[in-house]
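Okay, here's what each chain looks like letter by letter:
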Amino acid sequence: MPVTVSEHSSHGSLSIPHSTDDGTSNGTATPTTAQSVPNQSWATSDSSTLVPEADRESQLQFLSEQLKVEKRIKEGAENLLLMDLNGALRSQVESELATAKKKIQVIQKSMESVSGRTARKRSVETNVNGRRKFTGQPLQSTVGWKEEGTERDDFRTAMHQANSAIKALVLLSKQHSYNHTTSSAGSPSTSPSTSTLPNPATASEAELNRARIENMAKLISLLQRNVRVKYELDVGEVVHAVLPSLADKASKQARATAYRLIRHALVDSHSVRRLGEQNMDWYIVKSLSRDNKHTVEKEQVIKLIRTVVDIGSERHSPHSTIGSGTVPLSDAVMRALIAVAEYPEDPFKPICVQTLTEIMLIDIDLMARTGGIRVLLHALSEGPMEMAPLLAAAFLHIVDSPKTRAYLAPGTDLEIALSGITDAYGKGPEYKDKIKGCTAIVSSMLRTWSGLMYCCINDMTAIRVVIDCLRVPSLETREVILDMFFDLLNIKPPEWHRAFIDGRRLTTYRRSRHSADLGHQHDIPHKSQDTLKLTDQYIALLILVFSKAGLLDALTSMFEESSVGSALSRKATLLMAEILQKANRVLPLSIAARIQALPRVFSLASDYDDNEHRIVGSSALSAIDSFNRYRSRLEPAVKGDTRPRANSIEEAVRRGQRQAEQVKLKIGMQMDDKTFQTLLPETQVMLTKDHTKWNFDTLQDLIEGPLHNAKRMEEAIKASRYIRKLMSFFHPFNHRFSDVANTKPNQRWVRLACSLLNALMASTDGIRFLQEDEFLGQLVRSFDQLDPVTPTPVSDPIFSKKRVQETLTAGYFEMLGTLSKRQEGVELLEKFKLFTAFYHLTELRSREDLIKGIIENLDYSIDGHSRIVLSKTLTSVYKHVRHYATNYLGGLIRNSQTANAWMLRLLLTQLYDPAPEVRELAVRFLEEACESTDVLQMVVEMQPTLDHLGEVGHPLLLKFMSTPTGFRFLYAADYIDRQMELWFHERNLHYVVHIEVFLAKAFSQNLAEDIDDDVLAFEGIVPSHFYGVMAKTELGCEVLQEKGHFVEFAHFIRQHGLESEDREVILKLKSVLWAVGNIGATERGLPFLEEEEIIPAILEIAEQSLVLSVRGTCFFVLGLISSTPQGAEILDDYHWEATLSPLGLPTGLCVPVDVDKFVSIPHWDCVASEAVDDTRLAPPESDEEMEVMTAIYNLANTVIANTASRSLTKMRSKPEYRHIFSSPSMFYRALHTISSQKYKLPVRRYIFDLFNLELDTDVIQQLSECSISLRIPLTAQEPASAVEPSPAPAQAPPPPPFRPMSVRHVVSDSDDEESEVDEKEVAAKKPRAPVMSLRPKSRIIGFR
């Protein structure tokens, strides 16, 4: 708190903070002391009188401290004035407040004067140095801080503090120069900002580290709070100030803080380029090579690298392919990062793998040059498994384009993902989790166009390998592979599949109640499940590919393993039966017939020479037949149709129940007097009020039978007063029925009451009885108890929330709903003013239970107050009530057999609801209702205004366009012209993104675990396209012809159909293809395609395009074209066959007769290998240096690495070698080696530990000099007597870590070549013998 109020003492003094002579705050001043404060002299003319003989920076520092003190005094005085003070004390506080305000103004003017001169000087320096200027809007956040009362400084103060912190870091780095300074040198203690800094000449290393960390932490906090300061600071100055903190002598915490500071100083690509001009290469390489004791340091350096990749990378332009950008990381840093990603025991392996994946998508050439692609491929196979989906998606993205696809070796690289399946032989059940992860990767690959077509190269070798694993009898994990095929083909096994797999007989009595009730569940929105989808078309292609790769034969091999059968073989039988069912549904008849022939199974069943074969084949055919018969009995003929079918299993049961009920009612109404008089006492109603002692069954038979006879009802009312006794049980204020617990068995009393009301309304005497009885009157008074303005509130109302939940009170709403079903009942409700009570209940807050009870139970078949109550609920002031009512109204519309105009009008009213959620729900229900032609025509005639809905109402407007009346209405409103221009230039592209995203979600294998509402709304059905809807009407085709858009579409397809590099053109090509496909999916739109002869061009793209996703788009587009009989006939001429329904109508699915021609990819030569620099280093000067370097080279070879490490250890202990391990030039050679070759992380760490040199600014400077002196220009002539030849030349010194790399020459030689034959091959490729090579030196030791 800025001020502390002390307790009142006997002297009546208060604690008021004030300024003392030394500028600090004193909180224990009496009123007398406070009066002396204004007498202090403060100069207003010149700031120099405040702090005499001080420099500008110290002045600003001092003034800042004084300003804080005075602000605290001001805030404390303002707080005190809010209290109840006496007159004298209040005047003292007001005097103190006025003095503080005056001092604040003086200090602020002085600071502006000083900082103005500093700012002018700095502006000159800025223009000279060419620094950037902040272009954002920083003042808004600063003003916000001041309004919130926080103690954040303005920009000038923050900038001053940042510069002071940088200068303090620079002073702390001058520890060597202070040893030789003279007494005339200025002491840093003269400045307040540096007065607390330790003297670098005398302080210990720990004190210096602590001071550096403190200053860097302050600067980081300042940069986090003031974004503008980041833009004003020079990254070069920051790096120069923190370089001593990156040295090996500094602590790991200091190095971590330094990396963190540099990361926070980066704001844009310019700052990253400035960072690249600093010499930080070897600091980062050394930090990445440290062990797990330095995790805090490695974490910050990896975060710095990720920031550089994120901010400094130059992404590819829209006209280039993916992976063609530039990442400003050098080969040295990349190889160090790759070593961490490759080491399984490093805790930062996952984040490094993710970083490399991101780099690959930006700059694939850099990844290929440094060997990163190989590391990611191994990570895809070996784990971590949580990274596998990310890696698979990245590689599939790479495979899609021919330019990036060339970096992968066909048939070997991406197939490494299958190793988890192919290596499972002999591993046992414990290997099951590994196979599950691998099958998930394979499944994700086969769900994309790039993955499927890649796996189909070399005659579907990859797919055949996976399928052949099913043929290995001893492989215990084959069930996981079978589950993968179930998942790929989108087969959702029902509950009775388990009985089939267990070998139990399939009978209808095994059906669970849950499966019988599935048809009654409602989704929002609900669509017909019989419609074939885009996913079905892709599954049709998968079935063709799998059957061609031998899946059915492999399943048959599983049958042959045992004639008795096992759970695994029965699961294989189940998969085969499901595949045959899918094929019959999604494939053309001729193709499906070939698949369903099952020649091998029938040959086994007809093999009378081998009884075991015959048993296996017959059992499989019998199981498939049993599966098909049982499934056809359980599933309705038309999915989604809730109307009972005469030929269904339940029809006989329903018919018998109806007949029994009719006979029972007839017998009951014909009951004689004696029997009726006998039944009345048997119910016990006249004898006791305890309902638990009543004979419920007799009472129910009496109400549902004889009491429906008007004569018996009159007798029960007048003669015996039986009905009056019975109805008194249901009176709310009797607390009999209304106090019964709300349990499932007690719900029978609610049903009994509804039956009694039906019986009463069936006769005139019964209606007269209800008019005279207190039942409805007590209900009205019960509802009045809830009125908040009632004069006599009741402590426990009948319809309290607790009673509605715990007792049968909620049953009264069902009774009132029963009354509302008859005209006589509606008149009774009107007479007792129950509808008025309903109106009041709908306005109650937090009583949704009552509103739901009213809305759900009222009957709306009779026009009157019931519909008005629903309308009032739809326009409630509470959003959640309107949302619920809209949802219920949508259910009414969905379940109604005919179109009801009053329901549609109410739903249209909800389109103007103020809540977006309610509007969206109304649009979804209205769109679903408009699937019916009658409803659509009725809604169009109402001519609702939908412009205010924006994007939400767009699908609904497209529905309107599909009718002639709606099209004319929208055309007259200029909607058509506006949308045509919008779709032609913009929305076509959005449509592509929309449909590809939703297809990816629909194909996602995690769909069952994480269901997205958008995916449910999509359901794989082609979304409405503006041009496709236009082509449904004759007037729309005329407008389309007049605009000439289709001609332009056709021209674009012919001109850019085979584009493979320009991403922007490819995206537009996809959008044009979807537009043409949707137009061709209508009978009126197909002539457009025939006139332009565009179908052959689309077929050519589908079979020859090098971009695999474009082929997939053509595949779906051809399916759209086949939606009409004429389109299917045209495609049949080009050997693309359409799937037909049993009635011979096209279903919108189309597959090629020659699958190989569609899925084949032209062979390519892999261009990816670790590149070699054209520049080389001078050879070592002595034999000892050559031996050391040879041993370091050999560390890269895992076969001789142990021998090389022992040799280096021996050399390091010998006197003649010791100077080598302290030589900066040899240290540079070693660093250069690990930055140009593949070394494992422990080996890199070992090489760093070999040398007795600690990285600091001096050593880094020497390494920079060595990088120049040891380099041999390309034009230099090599000496005649070269050193011992080695296969690969040394790399040139790598550039700074964040400088964009130039493209290097790529040589496709292997990493581990050691033989002399390989050496000769590489030598033959290079015209010159290398001066120095990085190839391990081969020596034959022993075996003489």
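Above: the structure in question.
Let me begin by describing the structure that accompanies this report.

Conventions and cut-offs
- Residues numbered from 1 in each chain as written.
- Predicted model: local features only at pLDDT ≥ 70, side-chain atom pairs only at ≥ 80, totals over all residues.
- Heavy atoms only, no water.
- Helix = DSSP H or I, 4+ residues; strand = E, 2+ residues; numbered from the N terminus.
- Buried < 20%, exposed > 50% of the residue type's maximum accessible area, 1.4 Å probe, protein only.
- Contact = heavy atoms within 4.5 Å.
- Areas by Shrake-Rupley, 256 points an atom, 1.4 Å probe, with all protein chains shown as cover.
- Axes fitted to C-alpha atoms, helices over the stretch in contact; angles between N-to-C directions.
- Parallel < 35°, antiparallel > 145°, perpendicular 65-115°, else oblique.
- Left-handed = near helix turned anticlockwise from the far one by under 90°.
- Nonpolar A, V, L, I, M, F, W, Y, C, P; charged D, E, K, R; others polar.
- Core = buried A, V, L, I, M, F, W, Y, C linked by side-chain atoms within 4.5 Å.
- Patch = residues over 30% accessible without salt bridge, like charges linked within 9 Å, V, L, I, M, F, W, Y side chains within 5 Å.
- Salt bridge = Lys/Arg side-chain N within 4 Å of Asp/Glu carboxyl O.
- Phe/Tyr/Trp six-rings, centres within 6.5 Å; stacked < 30°, edge-to-face > 60°.
- Lys NZ or Arg CZ within 6 Å of the ring centre and 35° of its normal.
- 1 Å grid on protein atoms, 1.4 Å probe; cavity = no way out; pocket = protein on both sides within 12 Å on 5 of 7 lines; lining within 4 Å.
- Points joined across faces, edges and corners; volume = space filled by probe spheres on them.

Some remarks on the overall build of the protein
Alright, step 1. Looking only at helices and strands, the protein has 69 helices and 6 strands in total.
Alright, step 2. Buried residues in the protein amount to 50% of all 1344 residues.
Alright, step 3. Sequence-distant contacts in the protein: of pairs separated by 6 or more residues, those separated by 24 or more amount to 73%.
Alright, step 4. For the protein, the exposed area adds up to about 63400 Å²; of that, 51% sits on carbon and sulfur atoms.

Section: the packing of helix α14 (residues 349–362) against helix α17 (residues 388–400)
Alright, step 1. Look at α14 against α17: their axes get within 10 Å of each other, and the N-to-C directions meet at 15°. Classified by the angle their axes make, α14 and α17 are roughly parallel. When you trace α14 past α17, the crossing you get is left-handed. Contacts between α14 and α17 involve V353, Q354, T357, M360 and L361 on the former and, on the latter, L390, L391, A394, F395, H397 and I398.
Alright, step 2. Looking at the contact of α14 with α17 residue by residue, the class counts come to 8 nonpolar, 3 polar and no charged.

Description of the nonpolar core
Alright, step 1. L555, L587 and I723 are the most contacted members of the largest nonpolar core, which has 344 residues in total.
Alright, step 2. Sequence-distant contacts of L555, that is, excluding residues within four places in its chain, are made with L470, L482, A572, L575, M576 and I579.
Alright, step 3. One finds L60, L67, I104 and V114 within the second-largest nonpolar core, a separate group that totals 7 residues.

Quick notes on a nonpolar patch on the surface
Alright, step 1. Residues V993, V997 and L1067 make up a contiguous nonpolar surface patch of roughly 210 Å² in combined accessible area.
Alright, step 2. Within the element layout of this structure, V997 appears in helix α52 (residues 975–1003).

A closer look at the packing of aromatic side chains
Alright, step 1. For the coordinates displayed, the defined rule picks out 39 aromatic pairs.
Alright, step 2. Seen in terms of ring centroids, F696 and W749 are 5.0 Å apart; in terms of plane orientation they differ by 80°. Their pairing is edge-to-face. Of the two residues, F696 sits in helix α34 (residues 696–704) while W749 sits in helix α37 (residues 747–761), which places them 53 residues apart along the sequence. The same class applies to F696 as to W749, namely buried.
Alright, step 3. Measuring from centroid to centroid gives 6.1 Å for Y991 and W1074, while their planes differ by 70°, and the two rings are edge-to-face. Taken together, the residues Y991 in helix α52 and W1074 in helix α57 (residues 1063–1080) connect sequence positions 83 residues apart.
Alright, step 4. Here W1074 falls in the buried class, since its relative accessible area comes to 2%.
Alright, step 5. Taking NZ or CZ as reference, R748 lies 4.5 Å from the ring centre of F696, over its face.
Alright, step 6. Above the ring of Y884, the side-chain terminus of K852 is found at 5.3 Å from the ring centroid.

A word on empty space enclosed by the protein
Alright, step 1. One pass over the full model with this rule turns up 7 cavities of 30 Å³ or more.
Alright, step 2. Estimated volume of the largest cavity: approximately 80 Å³.
Alright, step 3. Taken together, R335, I338, A339, E342, T370, R374, Q1237, K1238, Y1239 and R1244 form the lining of the largest cavity.
Alright, step 4. With 4 residues, helix α13 (residues 331–342) is the largest single contributor of residues to the lining of the largest cavity.
Alright, step 5. By residue class, the composition of the lining of the largest cavity is 3 nonpolar, 2 polar and 5 charged.

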